[in-house]
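# Geometric and topological summary
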Amino acid sequence: MKTFAEFGLEPKVLQAITELGFEESTPIQSKAIPIALTGTDLIGQAQTGTGKTAAFGIPLVNKIPVTEERIVALIMTPTRELAIQVSEEIGKLTRYKGLRSLPIYGGQEIGRQIRALKKKPQIIIGTPGRLLDHINRKTIRLDDVQTVVLDEADEMLDMGFMEDITSILKLVPENRHTMLFSATMPPNIQRLAQQFLKNPEHVSVIPTQVTAPLIDQAYIEVHERQKFDALSRLLDMESPELAIIFGRTKRRVDELSEALQKRGYSADGLHGDLSQNQRDNVMRKFRDGSIDVLVATDVAARGLDVSGVSHVINFDLPQDPESYVHRIGRTGRAGKEGTAWSFVTPREIDHLHFIEKVTRQKIAKKPLPSIAEAIEGKQRVTAERILEFVENDAINEFKAIAIQLLDQYDSVNLLASAIKLITGEKKDVNIELTPEDPIRAKKRKPDVRTSGRRFSGGNFGSGNRPGSSGPRGRSDSGSRGGYGGRSSASGSSTGGYNRDRDSKPRTEGRSEPRRPRPSSNE
Ligand SMILES: Nc1ncnc2c1ncn2[C@@H]1O[C@H](COP(=O)(O)OP(=O)(O)OP(=O)(O)O)[C@@H](O)[C@H]1O
Ligand SMILES: [Mg+2]
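Residues numbered from 1 in each chain as written. Chains lettered and ligands numbered in written order. Predicted model: local features only at pLDDT ≥ 70, side-chain atom pairs only at ≥ 80, totals over all residues.

As a further point, take helix α6 (residues 128-137). Those residues of α6 that fall on the buried side of the exposure criterion are P128, G129, R130, L131 and L132. Residues of α6 that are buried sit in contact with β2 (73-76), β3 (101-104), β4 (123-126), α7 (153-158) and α8 (162-170). K138 sits one or two positions beyond α6 and adopts a positive phi of about 65°. (Buried ≥ 20, exposed ≤ 12 C-beta atoms within 10 Å, placed from the backbone. Helix = DSSP H or I, 4+ residues; strand = E, 2+ residues; numbered from the N terminus. Contact = placed C-beta atoms within 7 Å.)

Let's shift gears to the pairing of strand β13 (residues 338-344). Of all seven residues in β13, six are buried, a share of seventy percent or more. One ladder, built from seven bridges, connects strand β8 (residues 215-221) with β13; its direction is parallel. Pairing of Q217 across the sheet is with A340, part of β13. For strand β12 (residues 309-314) and β13, the ladder comprises four bridges, and the chain directions are parallel. Bridging across to β13, V312 finds its partner in A340. (Pairing = 2+ DSSP bridges.)

Strand order across the open sheet formed by seven strands is β3-β4-β2-β5-β6-β1-β7, with parallel pairing between neighbours. For this open sheet the edge positions go to β3 and β7 (201-205), each flanked by a neighbour on one side alone. Strand after strand, the sheet turns through a mean of 15° between neighbouring axes, direction not considered. The pairing of strand β1 (residues 42-46) with strand β6 (residues 177-182) spans four bridges and is parallel. Paired with I43 across the two strands is L180, which belongs to β6. (Axes fitted to C-alpha atoms, helices over the stretch in contact; angles between N-to-C directions.)

Relative to the helices and strands, A394 is located in the loop between α15 (371-392) and α16 (396-408). Each C-alpha atom, one on A394 and one on L214, is 38 Å from the other, the two residues being 180 residues apart in sequence.

To continue, consider the sheet that holds strand β14 (residues 364-365). Across the sheet, seven strands lie side by side as β10-β11-β9-β12-β13-β8-β14; this open sheet has parallel pairing. Only two strands of the sheet have a single neighbouring strand rather than two, namely β10 (267-270) and β14. In the packing of helix α11 (residues 250-262) onto the sheet, the strands contacted are β9 (242-246), β10 and β11 (293-296), and the crossing angle to β10 comes to about 170°. Sheet strands touched by helix α12 (residues 276-288): β9, β10 and β11. Its angle to β10, the strand with the most contacts, is close to 140°.

In this numbering, the UniProt entry assigns the feature "domain: Helicase C-terminal" (unreviewed entry) to residues 214-376. Across residues 214-376, helical content stands at 39% and strand content at 21%; the span's end C-alpha atoms are separated by 26 Å. (UniProt positions renumbered as here; feature names shortened; annotations may be inferred.)

With that settled, the discussion passes to the nonpolar core. Of all hydrophobic cores here, the largest spans 119 residues; its most connected members are L74, I244, I245, V293, L294, V295 and A296. Setting aside chain neighbours within four positions, we find L74 in contact with I124, L142, V145, V148 and V172. (Core = buried A, V, L, I, M, F, W, Y, C linked by C-beta atoms within 7 Å.)

Helix α3 (residues 52-63) packs onto helix α2 (residues 27-38) with a crossing angle of 30° between their chain directions and a minimal axis gap of 9 Å. Judged by the inter-axis angle, α2 sits roughly parallel to α3. In this structure, the crossing between α2 and α3 has a hand that is right-handed. Between α2 and α3, the residues in contact are I28, Q29, A32, I33, A36 and L37 and K52, A54, A55, F56, I58, P59 and N62, respectively. (Parallel < 35°, antiparallel > 145°, perpendicular 65-115°, else oblique. Left-handed = near helix turned anticlockwise from the far one by under 90°.)

Here I90 lies in helix α4 (residues 80-93). Note on I90: 26 C-beta atoms within 10 Å, which makes it buried. As a C-alpha pair, I90 and A54 span 36 residues in sequence and 7.8 Å in three-dimensional space. Setting aside residues no more than four positions away along its own chain, I90 makes contact with G57, V61, S101, I123 and I125.

In structure tokens form, the structure reads like this:
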């Protein structure tokens, strides 16, 4: 894999990349960056968590002169959280160069955005609805835009943004440089590309399996009413560092996060009916580790990059295979390993097979964790926490009472009681969730676009065997396909996150046709 120095980037951009801790380029970066630097339109597809943001961000930042005072680059994302996150990453890449980038998204006070626009940002990252709002108010002009990026373009279409995207792109000069990126390439993306890109190069780093190879996937067959117990056992057994749990509807997310809190888990919920402030708060808490379980609708499925997410749990199966791929892709990012579990009710087994078929990936069946496994997991975590204290913390002030207690009581009984107390068993709290209907198996029409071809072969796939030369293949190289990870200089990624999509019916888990108009809360 190429080092970043080989691309002939400006020293200040290179310096920022080094600061981020990126040692080598990822496969999609090493393919896409040279093409993007020449100004050729491109369609980039690579597995989740493999650095697509920097693949378009680096060439973008490299080519804009610091003296520029107009908006010359426009990046569109489907959700608010993603707009913020991408803006932060662009901000980091341009740290030394000193370009200005600005996220523009619904839910944030427009006056604040208008004031920020007066500082003449060169790069705007926005969700389509709010962008149009600014365009209509004439607070954003696109006459000078030279580069357009559509991140998660298929998702924007699914959310019903086609019309908005079309109106926006009509205002951008035609001789622009356009790039489109996603981990999955469902059929509608090809139509979009035909319409808006000029002789694009297809750059794809997809072996036969579209899901990232470092994600260990499994499912558990459970009845709807057993799901909550299964979840708490699973959380106890696995003790995730950070976990994202996907629920089908906003109501589900509310009920589930409340139930988890009642049972003593440090959880909170994220969906599109929360205010922007609440959404930002939840994401901030999740990023800084003050909660370790994020319960979310598909609003959190795309693009979100939170370091430390070790587990994704599909409490409800997603409707589409693409959604499955993006959801589980919140873990196993940037060369780290991750685990994805899905709960499947007996009536949804066919739907699971459909997901397996389209993603060309077998998902292993595992038994429901037993109570014993759950207890053991919880106790193990408590014991680890205690041992950390023994090693690292100042505990002198507690030693007198410890000696006194040990004098009077049996040491094993004492420690066992302490562990019980710390473990915080709250299993007696009764939990009832409103049942969700099972997802019905939805077969795609057997036309050219079906049968998993979109994920491999054809225009988009390299046809490699899994692990042979795919990104981060864990098989032979040890370097994980050039993903050297990042040095500690990088710090953890920060930023806000929210996405606009779950204001629409599709995310709320009905098997209706897609593409309702996005609601005004965008
Ligand atoms: N060359 C690199 N070396 C190490 N880490 C990297 C490199 N490039 C990107 N990263 C980090 O990898 C993580 C994932 O990157 P990014 O969010 O761009 O993935 P993505 O391909 O867009 O995923 P998704 O399909 O989920 O949107 C980020 O934390 C990013 O900072
Ligand atoms: Mg991305």
